[in-house]
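Results of the structural survey
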Amino acid sequence: KNEVEQSPQNLTAQEGEFITINCSYSVGISALHWLQQHPGGGIVSLFMLSSGKKKHGRLIATINIQEKHSSLHITASHPRDSAVYICAVGGTGNQFYFGTGTSLTVIP
Amino acid sequence: EPEVTQTPSHQVTQMGQEVILRCVPISNHLYFYWYRQILGQKVEFLVSFYNNEISEKSEIFDDQFSVERPDGSNFTLKIRSTKLEDSAMYFCARGDSYSYNSPLHFGNGTRLTVT
């Protein structure tokens, strides 16, 4: 059973394209994290959100608590955005459930 | 510079040996987490640690694993009698507070290879 489902698993885009990555979850939470994992393995926290929408540069994250769904958008994508994007949700007892990640490749 | 430093970056060990993975936060925080990621698989929660005690652990975190904060600064994950399937990337993270509403700050990870 996967508490967190991401789609698509793999995504290839041309530089400049608008990208959307989706995350659906089944556990009851009020906060969700979007993480970026670089090819070397390091993980960086992009967003933590519990409602509405957050924006940081070219990245936008939205969440709909009622529908248990979140999206990560990248505007004007660039090759340096190539990475694995991971959705993680907080469950009971301060555990985190991770999605399998979306591998994004942006081609120049 | 990462807020959380993990050492070593890569550890190779023989099956059956004990390994200690270290995590050092820059500032003095109370909330820590260990995660692991087997190659090609998703990140998995291992354990959360608050105020020098384990507060939550997953099914993966069995008697083979232990965590300590031996000197009030370093935060360690010990794996006893390593198995081949323990080969993975191990990430330490700290939180600003004890809540999944707190941002997570990850270290760069330790790649453990058990041969």
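Residues numbered from 1 in each chain as written. Chains lettered and ligands numbered in written order. Predicted model: local features only at pLDDT ≥ 70, side-chain atom pairs only at ≥ 80, totals over all residues. Heavy atoms only, no water.

Regarding the overall build of chain A
Here is the rule we go by: Here a helix means four or more residues in a row that DSSP labels H or I, a strand means two or more in a row labelled E, and each is numbered from the N terminus. A radius of gyration in this sense is built from C-alpha atoms; the matching globule rule multiplies 2.2 Å by the number of residues raised to 0.38. For the exposure calls, accessible area comes from a 1.4 Å probe over protein chains only, and a residue counts as buried if that area is under 20% of its type's maximum, exposed if over 50%, partly exposed in between.
The secondary structure content of chain A amounts to 0 helices and 11 strands. Ordering the α and β elements of chain A from the N terminus gives β-β-β-β-β-β-β-β-β-β-β. Computed over its C-alpha atoms, the radius of gyration of chain A comes to 13 Å, within 12% of the 13 Å expected for a compact globule of 108 residues. Overall, chain A is about 40 × 25 × 20 Å in size when its C-alpha atoms are taken along their principal axes. Expressed as a percentage of the 108 residues in chain A, the buried residues total 48%.

With respect to the packing of aromatic side chains
Residue and element names in this part refer to chain B. Where we set the bar: Only rings of Phe, Tyr and Trp enter the pairing, Trp through its six-membered ring, and a pair is recorded when the two centres are within 6.5 Å. The plane angle decides the type: under 30 degrees is stacked, over 60 is edge-to-face, the rest tilted.
Enumeration according to the criterion identifies 10 aromatic pairs over all chains in this entry. Note on Phe 49 and Phe 75: the rings are 4.9 Å apart at their centroids and 40° apart in plane angle, and the pair reads as tilted. Taken as a pair, Phe 49 in strand 5 (residues 44-50) and Phe 75 in strand 8 (residues 75-79) lie far apart in primary sequence, 26 residues in all. Grouping residues by exposure puts Phe 49 and Phe 75 together as buried. Ring centres 5.6 Å apart and planes at 25° place the aromatic pair Phe 61 and Phe 65 in the stacked group. For the residue pair Phe 61 and Phe 65, the accessibility class agrees, reading buried in each case.

Examining the state of the cysteines
Residue and element names in this part refer to chain B. In plain terms, the rule: The disulfide criterion used throughout: a pair of cysteine sulfur atoms within 2.5 Å.
Summed over all chains, the structure comprises 2 disulfides over all chains. In this model, Cys 23 is linked to Cys 92 through a disulfide, with the two sulfur atoms separated by 1.9 Å. Between Cys 23 and Cys 92, the disulfide has an S-S torsion of -60° and is therefore left-handed. Of this pair, Cys 23 sits in strand 3 (residues 19-25) while Cys 92 sits in strand 9 (residues 88-95), and the two are 69 residues apart along the sequence. Cys 92 shares its class with Cys 23; the two are buried.

Concerning the sheet that holds strand 7 (residues 65-68) of chain B
Strands belonging to one sheet form pairs held by backbone hydrogen bonds; the direction of such a pair is parallel or antiparallel. Residues and elements named next belong to chain B. Using the following cut-off: In this description, strands pair whenever DSSP reports at least two bridges between them. Orientation is described by axes fitted as lines to C-alpha atoms, over the contacting stretch for helices, and by angles from 0 to 180 degrees between their N-to-C directions.
Strand order in the open sheet formed by 4 strands is 1-3-8-7, with antiparallel pairing between adjacent strands. Looking at the sheet topology across the chains shown, the edges are occupied by strand 1 (4-7) and strand 7. For this sheet, the mean inter-axis angle between neighbouring strands, taken without regard to orientation, is 15°.

Focus: the nonpolar core
Defined as follows: Buried Ala, Val, Leu, Ile, Met, Phe, Trp, Tyr and Cys residues that are joined via side-chain atoms within 4.5 Å together make up what is termed a nonpolar core. Working rule for contacts: check all heavy atoms of both residues, and any pair within 4.5 Å makes them a contact.
Leu 32, Trp 34, Phe 47, Leu 72 and Tyr 85 of chain A are the most contacted members of the largest nonpolar core, which totals 24 residues. Counting residues per element, the ones that place at least two in this core are strand 3 (19-25), strand 4 (32-37), strand 5 (43-49), strand 7 (59-64), strand 8 (69-74), strand 9 (83-90) and strand 11 (102-107) of chain A. For Phe 47 of chain A, the contacting residues outside a window of four places in its chain are Leu 32, His 33, Trp 34, Lys 54, Lys 55, His 56, Leu 59, Ile 60, Ala 61 and Leu 72 of chain A. Ranked by size, the runner-up nonpolar core spans 21 residues in total, among them Phe 32, Phe 49, Leu 77 and Val 114 of chain B.

Quick look at the sheet that holds strand 3 of chain A
Residue and element names in this part refer to chain A. Strand order in the open sheet made by the 5 strands is 1-3-8-7-6, with antiparallel pairing throughout. Of all strands in the sheet, those bounded by a partner on one side alone are strand 1 (4-7) and strand 6 (52-56). Direction aside, neighbouring strands of the sheet carry axes that sit 15° apart on average. The sheet contact formed by strand 7 and strand 8 spans 6 bridges and is antiparallel. Bridging across to strand 8, Ala 61 finds its partner in Leu 72.

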